[in-house]
Amino acid sequence: MGDDVEQRKFTRQDRHRFRQKVQDCLDALAIMLADETFDVGEPQIGMEVELNLVDENMAPSMANAQVLDAIADPDYQTELGQFNIEINVAPRPLSGSSIADLEADLRRSLNEADRRARESGSRLVMIGMLPTLAEKHFEHRWLSANPRYDLLNQQIFAARGEDIELHIGGVRLPGADEPEELRAITDTILPEAACTSVQLHLQVAPENFAAYWNAAQALAGVQVALAANSPFLAGRALWHETRIPLFEQATDTRPQELKNQGVRPRVWFGERWITSIFDLFEENSRYFPALLPVCSDEDPTAVLADGGTPSLSELRMHNGTVYRWNRPIYDRSGGGHHIRLENRVLPAGPSVVDTLADAAFYYGTVRALADADRPLWSQMSYDAAAENLHSAARGGFDSRLYWPEVGWVSPQELILRRLLPMADAGLAAYGVGADVRDRYLGVVEARCLSRRSGSVWQRDAVVAREKAGQTREAALAGMLSDYVTLMSEGDPVHTWPL
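Since the model is a prediction, treat every value here as computed from it, not as a measurement.

Caption draft 1: Here's a closer look at the overall build of the chain. The helix and strand tally for the chain stands at 16 helices and 15 strands. The C-alpha atoms of the chain give a radius of gyration of 22 Å, which matches the 23 Å a tight globule of 498 residues would have. C-alpha extents for the chain along the principal axes are approximately 70 × 50 × 45 Å. Residues counted as buried form 59% of the 498 residues belonging to the chain. In the structure as shown, the chain presents an accessible area of about 19300 Å², 46% of it carried by carbon and sulfur atoms. Across the chain, the centroid of the 49 positively charged side chains sits 3 Å from that of the 72 negatively charged ones.

In structure tokens:
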């Protein structure tokens, strides 16, 4: 989906040809998997971080074009909304002190980008959901200028045939009479832009991909409970990680009748453990109509026959419009081709060290689960993993998760008693130094012991301001101002004062 797409209309012939081209790509991929031609190098960490823009009053700043001009760094790119940008972090080996080096490099890059953004009247914020966003910010005029976003918007609504209804139940904050909830109708996909995330990439050998994907799916709920940072939207106190239900609803191409028929949603956790990466690409082509049926002239099997590396552009385009929380990636680089696992469940922020701690926990635990003698997914139903994700998104540290040999358990107890030692062993297997493991897993441990994630800090800060007499609007803006300051100072969120 990072590829530019020209503004255009799609015909019935385009869609028919695209379906056939995706099948051609699948046939070529099957040959490549059978021939074992994929690059399998040293494990590397790759990352994308989505960012929000705010003005001096902490309102969304609809200025990503001006900010990107000011930053003038190709690592920074547009995102869906004019209040979003994204930084793409170049991959690097996982071993040694690389995670610590990445923390220093990322902080330096973000500090410089923020300095330049301020010159154009904006600030950068790493947060799962901008708490000062209102329904008025979801109007079509706030889409980013790149034509691919408007085209995607058109195609989703053409497939759906009606406006999108958002409905997310919330919580009753201290002092309130009733639980809060969001009910809204939108005629754009801009609510998706409210969902700002960190995407973690890991290059995996094809024969090991199924184990890593299954492990990542099993771990998704734990990740969300640990790192939740999206408790407010449109002035309401909603889920601890409101990103999860909002993203599912904001890109849903199904009207109610198709939901009733059991048609699969575009944002999809999946429905089964897999045995091959091919399972995922095949499911995408089998179950989901094309949103952007852009065809190339490449014949992938002919390219293979000539000893070349096909781009599989139709397969990649289609894959980019099926929003799995753990997504398979086929890519080319350096004359070869490889497979990556993209983990998409984490919110952005709160601080750089928190982000790297969440990444270290994920990489280490997934490695340990994938290497285990008895696979976790042979002991756990797929439905339990899916329920864990939504339970964790709703309740954060207050949720109850299911885990084999443990039963129902709080996220913090599961992490402290069982998963932290696994994360440490997994990182050690990657060659990560002991001091680096201690630093980042220590942040995870302290966050669990204090039961303070980014979402908990945000809720507590807003409650304190409202008890002091502020309105919800003023409390959200004041909390966000404090958040930006503390984020820039760089300490982990469990140490942040109210």
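Caption draft 2: Representation of the pattern of salt bridges within the structure. Inspection of every chain in the model, using the stated rule, returns 34 salt bridges. Two residues, Arg254 and Asp252, come together in a salt bridge whose shortest N-O distance is 2.9 Å. For Arg254, a relative accessible area of 13% puts it in the buried group. Between Glu342 and Arg327 there is a salt bridge, with its nearest N and O atoms 3.5 Å apart. Separated by 15 residues along the polypeptide, Glu342 in strand E13 (residues 336–347) and Arg327 in strand E12 (residues 326–333) bring together distant segments of the chain.

Caption draft 3: How the structure looks around the pairing of strand E5 (residues 164–169). Here E5 shows a buried face lined by Ile164, Leu166 and Ile168 and an unburied face lined by Glu165, His167 and Gly169. Pairing of E5 with strand E6 (residues 181–186) involves six bridges; the strand directions are antiparallel. Residue pairing across strands places Gly169 opposite Glu181, the latter belonging to E6.

Caption draft 4: Inspection of the packing of helix H13 (residues 411–429) against helix H14 (residues 434–450) at higher detail. At a closest axis distance of 10 Å, the pairing of H13 and H14 adopts a crossing angle of 170°. The pairing of H13 with H14 is recorded here as roughly antiparallel in orientation. When H13 is examined against H14, the residues Gln412, Ile415, Leu416, Leu420, Ala423, Asp424, Leu427 and Ala428 are found in contact with a partner set consisting of Arg437, Leu441, Val444, Glu445, Cys448 and Leu449.

Caption draft 5: Molecular detail of the environment of Val409. Within the secondary structure, Val409 is located in strand E15 (residues 407–409). The spacing of Val409 and Ser399 is ten residues in sequence and 8.3 Å in space, taken between C-alpha atoms. Contacts of Val409, omitting those with residues within four sequence positions, involve Ser399, Arg400, Leu401 and Leu414.

Caption draft 6: Highlighting the nonpolar core. If you look at the biggest cluster of nonpolar residues, it comprises 164 residues, and the most contacted ones within it are Met47, Leu233 and Phe361. Sequence-distant contacts of Leu233, defined by excluding residues within four places in its chain, comprise Met129, Leu133, Phe138, Leu182, Ala194, Leu238 and Leu246.

Caption draft 7: Layout of H13. Along its length, H13 reaches its greatest deviation from straightness, about 50°, at Leu419, and the proline Pro421 lies no more than four positions downstream. By the burial criterion, the buried members of H13 are Pro411, Gln412, Leu414, Ile415, Leu419, Leu420, Ala423, Gly426 and Leu427. Lining the buried residues of H13 we find helix H3 (98–119), helix H5 (206–227), helix H11 (352–371), strand E14 (401–403), E15 and H14.

Caption draft 8: How the structure looks around unusual backbone geometry. Here the bond from Gly349 into Pro350 is cis, since omega is 0°, no more than 30 degrees from zero. For Pro350, the position within the fold is in the loop between E13 and H11. The phi dihedral of Glu36 is positive, around 55°, even though this residue is not glycine. Position of Glu36 relative to the elements: it lies in the loop between helix H1 (12–35) and strand E1 (44–54).

Caption draft 9: The arrangement of the packing of aromatic side chains in detail. What the rule picks out here adds up to twelve aromatic pairs. Pairing Trp268 with Phe288 gives two aromatic rings, centres 5.5 Å apart and planes at 70°, and the pair type is edge-to-face. Separated by 20 residues along the polypeptide, Trp268 in strand E10 (residues 267–268) and Phe288 in the loop between helix H8 (277–287) and helix H9 (300–305) bring together distant segments of the chain. Of the two residues, Trp268 and Phe288, neither departs from the other in class, the shared state being buried. Relative to Tyr382, the ring of Trp273 has its centre 4.8 Å away and its plane inclined at 75°; by these criteria the two rings are edge-to-face. Of this pair, Trp273 sits in the loop between E10 and H8 while Tyr382 sits in helix H12 (residues 382–395), and the two are 109 residues apart along the sequence. Each member of the pair, Trp273 together with Tyr382, is buried. Through successive ring pairs, a cluster of aromatic residues spans Phe247, Tyr323 and Trp325. When the ring centre of Tyr287 is taken as reference, the NZ or CZ atom of Arg264 above it lies at 3.6 Å. Residue placement shows Arg394 over the ring face of Trp239; its charged tip is 5.4 Å from the ring centre.

Caption draft 10: Highlighting the side chain of Asn153. For Asn153, the location among the structural elements is in helix H4 (residues 147–160). Residue contacts for Asn153: discarding those within four places in its chain leaves His140, Leu143, Asp187, Thr188 and Ile189.

Caption draft 11: Region of the structure containing the packing of H5 against H13. Taken N-terminus to C-terminus, the directions of H5 and H13 make an angle of 115°; their axes are 9 Å apart at the nearest point. The orientation of H5 relative to H13 falls into the category roughly perpendicular. As for the relative orientation of H5 and H13, their crossing is left-handed in sense. Only Pro411, Leu414, Ile415 and Leu419 of H13 make contact with H5, whose side of the interface consists of Leu219, Val222, Ala225 and Leu226. Residues belonging to the contact of H5 with H13 are distributed by class as follows: eight nonpolar, no polar and no charged.

The rules behind the values
- Note on numbering: residues in each chain are counted from 1, in written sequence order.
- Selection of residues for local features in this predicted model requires a pLDDT of at least 70, selection of side-chain atom pairs for listing and counting requires 80 or more, and totals for whole chains, interfaces and linings are taken over all residues.
- The side-chain quantities take in all heavy atoms of the structure and omit both hydrogens and water.
- The numbering of helices and of strands both runs from the N terminus, where a helix is a DSSP run of H or I of at least 4 residues and a strand a run of E of at least 2.
- It is over C-alpha atoms that the radius of gyration is taken, and the globule rule equals 2.2 Å times the number of residues to the power 0.38.
- Residue burial is assigned from relative accessible area. The probe radius is 1.4 Å, only protein chains are included, and a residue is buried under 20% of its type maximum, exposed over 50%, and partly exposed in between.
- All accessible-area figures derive from a Shrake-Rupley calculation using a 1.4 Å probe, and residue coverage is judged against the displayed protein chains alone.
- This count recognises Lys and Arg as positive and Asp and Glu as negative, with His and chain-terminal groups excluded.
- Where a charge lies is defined by one atom per residue type, namely NZ (Lys), CZ (Arg), CG (Asp) and CD (Glu).
- By salt bridge we mean one thing: a side-chain nitrogen of Lys or Arg within 4 Å of a carboxyl oxygen of Asp or Glu.
- Note: two strands are recorded as paired if DSSP finds a minimum of 2 bridges between them.
- Helix axes are fitted only over the stretch in contact, all axes being lines through C-alpha atoms; the angle between N-to-C directions runs from 0 to 180 degrees.
- Roughly parallel means an angle under 35 degrees; roughly antiparallel, over 145; roughly perpendicular, 65 to 115; everything else is oblique.
- For this analysis, residues touch if any pair of their heavy atoms sits within 4.5 Å.
- By convention a nonpolar core is built from buried Ala, Val, Leu, Ile, Met, Phe, Trp, Tyr and Cys residues, the set being connected through side-chain atoms within 4.5 Å.
- Two axes enter the definition of the bend at a residue: one is fitted to the seven residues ending there, the other to the seven starting there, and the bend is the angle between them.
- Note on aromatic pairs: the rings of Phe, Tyr and Trp (six-membered ring only in Trp) are paired at centre separations within 6.5 Å, and the planes decide the class, stacked below 30 degrees, edge-to-face beyond 60, tilted for the rest.
- Our definition puts a charge over a ring when NZ of Lys or CZ of Arg is within 6 Å of the ring centre and also within 35 degrees of the ring normal.
- Left-handed describes a crossing whose near helix is turned anticlockwise from the far helix by less than a right angle; the clockwise case is right-handed.
- Note on residue classes: Ala, Val, Leu, Ile, Met, Phe, Trp, Tyr, Cys and Pro are nonpolar, Asp, Glu, Lys and Arg are charged, and everything else, Gly too, is polar.

These results come straight from atomic positions and should not be treated as a statement about function.
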